[in-house]
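Take a look at the letters that make up each chain.
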Amino acid sequence: MFIKSSIDLNEAAEYLQSNCLKSSRVNLERIDKLVKLSNSIKDLAVYQKDSDLLALSVFSFELVEQFHTWFKEKSQIYFGKGTTFHIPSGNIPLMPFYSWLPSYLAGNPNIVRISRRLDDTYIGRLVDLIDKVIGPIDGKMNIFYSSKYSEQLTLIASKVCKVRIVWGSYSTISTIRSKYPTEAVIDLCFPTRHSVSIIDVGNYSELDNTGRNLLCRRYIDDTIQFTFKACSSPHYTYWLGRKSEKYLLVLDFLERISGMIARSETEMGVMSTNNFLDNQSNLLQRTKCKPIQLIAGKSIYYISSKEVPSISKEQMDCHVYFINADYEEEIVNTWPSDIQTLSLINPMDYDFAVKISNKLGSKTPDRIIPIGHALKFSLLWDGQHFLETLTRQVFI
Amino acid sequence: MDTSNYFYDELKSLHQWHYEKCEGFRNIIDGLGWSPLIDSQPENIFIHTGLFKTNKLISTNKDEREMILFLSSGTSSSSRSHVYADRYTRIDQQRALKKIVLDDLDLNLLSRPNYYVIDRPYPESNSGALDARYAAIRGFSSLGRGIRFVLDENGDLNEEVLEELRCETKQVLAFGFTYTVYLDFLKKLLDLGIKLNGKNMVLLHGGGWKKLASYGIPNKEFNKIASSVIPNVVCRNYYGMIEQTGSISIECNKGYLHTNQYNSLIIRDNNFNKKNFGDEGIVQSISLLPKSYPGQSLLTEDIGICYGEDDCICGKPGKYFHILGRLKKTIVRGCSDVY
């Protein structure tokens, strides 16, 4: 159900407190509902020509599939951990639902805070759809709220929940932790992080024309049309290996990417203009070394691995860094902190993946995946297995 | 180069001026490695219009108090462009506007047409800043005689002024924002069954097409209703922006917007390469007027098509184009703040 701004504080608080109901046993009933819901979201997406909704339905279908794989291997009984309170980020229109879906599947009652930046009507329409599919009983146990009393309700929800999930930057997470104390058993935070890609120059040079184009297309997909907005987008791209024509190969890669961006639909231009504004806003403050190219409004810098530690977060958000590394040791020695995903040339060299993770030791990222899979949903996110984390196992 | 050498020479000098006088502009040009382009490809130097929303970009040492601050439309201060125009820039803008209107519309500026504004009376800002809407109303006022607001404070038709307009025997310049002209003027006249004599009237309208598009009213439909309510009226749309005040592009009698000696336009793809005539893309707008701020070459978020140069069927020179709309402000998925 959706608690909108018009609802009185006491009434809203009552709803939230009554939400601390029993969690359900993890079973296939919720899966059936989720399949129905995925289909309804897909229909709505097609009807409204809404790509965000379509992406959500794809996510939901994938979740169902991965849940099946996980669940069929289990002989134990699982229950939801309890009321789960979600505080999703405010710049992604459907983020509340991405956070809610796995928790619902795990058998939890949920309270989802909706950022005031999001469109009430848009969210409300989707919550209505959910209520219709999951039914009135489940509906009452899954509350989405967007209220002028958001502060008070967040305090209440933080007190009554058993699990709290917060998405956002480190500073946001720290503000939430200090402003809204919780006695939740688990206070799960997914901070904004960065990711790395390693392209072996030898492997790249061996790819034929089609292979190179495919790799570039996948790279663009990982970067969300070169915006690098996802935590798992490759913010740093190391070019590994020693080859006399290495720089030319880097330029070849960029040339292909810029061609693909140039040919993309006009509507995608908003990504480029946004990039360009961020880029120029950053440049206003100070001059930098000359970029090797401007692609989709982003300046591309080709730097030595030694320069990696001097890149600031602001620079990282506005520009793209291609890093020259002759040897693996250079990567290991300059590996940025808190990297979430490492993507490698596709098909992935597993031996290399193991070797580099051995060398990185505790700095190994949470995921090592082929280029093109960075945005793919996994039940394992930032090292946390959603279903294992959001459920409790009964020992018999 | 697709426009006269004179135009690009002027643009070069303007780039050079701003490069020397505006540190922010210089930092951007150097940071992008574009300084060699000032001489060789001046049309390939541009900054994003959004920079004026978050930064104070000034290319003069003059005291800020000597300048007028133009504010674009927007709901909050952070979403409005801040454009600082000094006296010289304002004079150039005013002269250019006069020349463009004189060249494009059949107006006799010597006898100065009576000036009607299809809007409500606009209060002057206490802060000294000039809102884009009011700046435009004031800008066009120098072309006409007097200033009469056709709507009252509540946005209703001012019957007294409307009666004056009906009885006009002199030439009239009527100006308004597209959606206001449509919703609060034409549509109301249509509903009331009132017809005006448009024989001596030029109706110039612009801006606000986004709002009108949300009502599903294309330009052709607008013109159709205008000529049914005001038969024989010369109705013209224009394209312009607060950052490039003065150098507007006015629609020709064949329905195309035209550049002129003060401005130009380039359509770019998503990687900012120039597109061919006839291709849809992102609009870069160039103006030779801004001197006190670096607004001479701007990448907008408008989508347009430029069909050609100097060969429009109307016979008017310049590039001729259509503006199709604005890039949608889709929210890019990513990890960010909760609030």
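To keep things clear, this report deals only with the structure shown in the data block. Keep in mind it's a predicted model, so treat the numbers as computed, not measured.

**Considerations on the overall build of chain A**
Phase 1: The secondary structure content of chain A amounts to 15 helices and 17 strands.
Phase 2: A compact globule built from 396 residues would reach a C-alpha radius of gyration of about 21 Å, and chain A, at 23 Å, matches this within 12%.
Phase 3: Expressed as a percentage of contacts within chain A between residues at least 6 apart in sequence, the contacts between residues at least 24 apart total 76%.
Phase 4: As displayed, chain A has an accessible area near 16,700 Å², and 52% of this comes from carbon and sulfur atoms.
Phase 5: Distance between charge centres in chain A, computed from 45 positive and 43 negative side chains, equals 3 Å.

**Quick word on the nonpolar core**
Note on soluble globular proteins: their nonpolar side chains tend to be buried together.
Phase 1: Among the nonpolar cores identified, the biggest contains 69 residues, and A:Ile198, A:Tyr238, A:Trp335 and B:Trp34 are the most heavily contacted of them.
Phase 2: Among the nonpolar cores identified, the runner-up in size contains 49 residues, and A:Leu105, A:Ala106, A:Val133 and A:Ile134 belong to it.

**Considerations on empty space enclosed by the protein**
Phase 1: For the structure on display, the rule yields two cavities of 30 Å³ or more.
Phase 2: In this structure, the largest cavity encloses a volume near 70 Å³.
Phase 3: Lining the largest cavity are 13 residues, with B:Tyr239, B:Gln244, B:Ser247, B:Asn263 and B:Ser285 positioned closest to its centre.
Phase 4: Looking at the lining of the largest cavity, the elements that each hand over two or more residues are strand E12 (263–268) and strand E13 (280–287) of chain B.
Phase 5: The biggest single contributor to the lining of the largest cavity is E12(B), with three residues.
Phase 6: Its volume calculated, the second largest cavity comes out at about 30 Å³.
Phase 7: Taken together, A:Leu44, A:Gln48, A:Leu53, A:Leu94, A:Tyr122, A:Arg125 and A:Leu126 make up the full set of residues lining the second largest cavity.

**Regarding a negative patch on the surface**
Phase 1: Residues A:Glu265, A:Glu267, B:Asp279 and B:Glu280 make up a contiguous surface patch of negative charge.
Phase 2: With respect to the helices, strands and loops of the structure, B:Glu280 is situated in strand E13.
Phase 3: Of the residues examined, B:Glu280 reaches a relative accessible area of 34% and is grouped as partly exposed.

**Points about the pairing of strand E7 (residues 172–177) of chain B**
Residues and elements named next belong to chain B.
Phase 1: Burial analysis of E7 places six of its six residues in the buried class, the great majority of the element.
Phase 2: Along E7, one buried face is formed by Val172, Ala174 and Gly176 and the opposite face, lined by Leu173, Phe175 and Phe177, is buried too.
Phase 3: Bridging between strand E4 (residues 114–117) and E7 involves four bridges; their strand directions are parallel. Opposite Tyr116, over in E7, you have Ala174 as the bridge partner.
Phase 4: Here six bridges tie E7 to strand E8 (residues 201–206), and the two strands are oriented parallel to one another. Note on E8: the bridge partner recorded for Leu173 is Val202.
Phase 5: A crossover links E7 with its parallel partner E8, the connecting element being helix H8 (residues 178–192), and its sense is right-handed.

**Comments concerning the packing of aromatic side chains**
Phase 1: Applying the stated criterion to the full structure yields 38 aromatic pairs over all chains.
Phase 2: Considering the side-chain rings of A:Phe85 and A:Tyr145, the 6.4 Å spacing of their centres and the 15° angle between planes classify their relative orientation as stacked. In this pair, A:Phe85 is assigned in strand E3 (residues 84–87) and A:Tyr145 in strand E5 (residues 142–145), connecting sequence segments 60 residues apart. The burial state of A:Phe85 is the same as that of A:Tyr145; both residues are buried.
Phase 3: When the centroid spacing of 5.1 Å and the interplanar angle of 75° are considered together, the rings of A:Trp239 and A:Phe253 count as edge-to-face. Taken together, the positions of A:Trp239 in strand E9 (residues 234–240) and A:Phe253 in helix H10 (residues 246–263) put the pair 14 residues apart, joining distant regions of the chain. Taken as a pair, A:Trp239 and A:Phe253 share a single burial class, namely buried.
Phase 4: Members of the aromatic cluster, connected to one another through ring pairs, are A:Tyr204, A:Tyr219, A:Phe226, A:Phe228, A:Trp239, A:Phe253 and A:Phe322.
Phase 5: Stacked on the ring of B:Tyr88, the Lys or Arg B:Arg87 has its end atom at 5.8 Å from the ring centre.
Phase 6: One cation-aromatic arrangement involves B:Lys291 over B:Trp17; the distance from NZ or CZ to the ring centre is 4.4 Å.

Conventions we followed
Residues numbered from 1 in each chain as written. Chains lettered and ligands numbered in written order. Predicted model: local features only at pLDDT ≥ 70, side-chain atom pairs only at ≥ 80, totals over all residues. Heavy atoms only, no water. Helix = DSSP H or I, 4+ residues; strand = E, 2+ residues; numbered from the N terminus. Rg over C-alpha atoms; globule rule 2.2 N^0.38 Å. Contact = heavy atoms within 4.5 Å. Areas by Shrake-Rupley, 256 points an atom, 1.4 Å probe, with all protein chains shown as cover. Lys, Arg positive; Asp, Glu negative; His and termini not counted. Charge placed at Lys NZ, Arg CZ, Asp CG, Glu CD. Core = buried A, V, L, I, M, F, W, Y, C linked by side-chain atoms within 4.5 Å. Buried < 20%, exposed > 50% of the residue type's maximum accessible area, 1.4 Å probe, protein only. 1 Å grid on protein atoms, 1.4 Å probe; cavity = no way out; pocket = protein on both sides within 12 Å on 5 of 7 lines; lining within 4 Å. Points joined across faces, edges and corners; volume = space filled by probe spheres on them. Patch = residues over 30% accessible without salt bridge, like charges linked within 9 Å, V, L, I, M, F, W, Y side chains within 5 Å. Salt bridge = Lys/Arg side-chain N within 4 Å of Asp/Glu carboxyl O. Pairing = 2+ DSSP bridges. Right-handed = clockwise from strand over helix to strand, strands pointing away. Phe/Tyr/Trp six-rings, centres within 6.5 Å; stacked < 30°, edge-to-face > 60°. Lys NZ or Arg CZ within 6 Å of the ring centre and 35° of its normal.

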